[in-house]
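# Remarks on the overall topology
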Amino acid sequence: MAKRGGFPGGGMPGNYANLMKQAQRMQRQMEESQKELETKEFTATAGGGAVEVKVNGSKELLSVKLDPEIVDPEDVETLQDAIVAALNDAMKQADDATNALMGNITGGLPF
């Protein structure tokens, strides 16, 4: 009676070896792209340009610039809101760049 399933001789098919090579190549590309992305900077502004923040691809805050006009001791809340808005926008830019880069490498496959 013939065996069902498995591979003749217990070996792996050539397609599996090719798939593993592709996966390893994809992993290397992802690692290289991640390193490249970490060096990129993303800048966003809020409050009509009165607040500017810069983050890198690792989502580390690099700088905050404030126009003196937005610094009003009587209205600290506006300054706080502008900083949060600018930072959220810069972080979204970094996320979008990461997702686009990974999508290009994986061909849209979810990981």
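Residues numbered from 1 in each chain as written. Predicted model: local features only at pLDDT ≥ 70, side-chain atom pairs only at ≥ 80, totals over all residues. Heavy atoms only, no water.

What follows covers the nonpolar core. Ranked by internal contacts, the top residues of the largest apolar core, which has 14 residues, are F42, V51, V53, I70, A82, A86 and A90. Looking at this core, the elements that each hand over two or more residues are β1 (41-46), β2 (51-56) and α2 (76-106). Of the residues forming this core, the biggest block, 5 residues, is contributed by α2. Leave out the neighbours within four places in its chain, and A90 touches F42, A44, V53 and V55. (Core = buried A, V, L, I, M, F, W, Y, C linked by side-chain atoms within 4.5 Å. Buried < 20%, exposed > 50% of the residue type's maximum accessible area, 1.4 Å probe, protein only. Helix = DSSP H or I, 4+ residues; strand = E, 2+ residues; numbered from the N terminus. Contact = heavy atoms within 4.5 Å.)

Bringing unusual backbone geometry into the picture now. For K59, which is not glycine, the phi dihedral falls at a positive 65°. Within the secondary structure, K59 is located in the loop between β2 and β3 (61-66).

Taken together, 3 strands build an open sheet; the order of strands is β1-β2-β3 and the sheet is antiparallel. Strands with a single pairing partner mark the edges of an open sheet, and in this sheet they are β1 and β3. Adjacent strand axes in the sheet meet at a mean angle of 15°, parallel and antiparallel pairs treated alike. Sheet topology note: the β2/β3 ladder contains 5 bridges and is antiparallel. (Pairing = 2+ DSSP bridges. Axes fitted to C-alpha atoms, helices over the stretch in contact; angles between N-to-C directions.)

Honestly, that's just the spatial picture; any functional story needs more than this.
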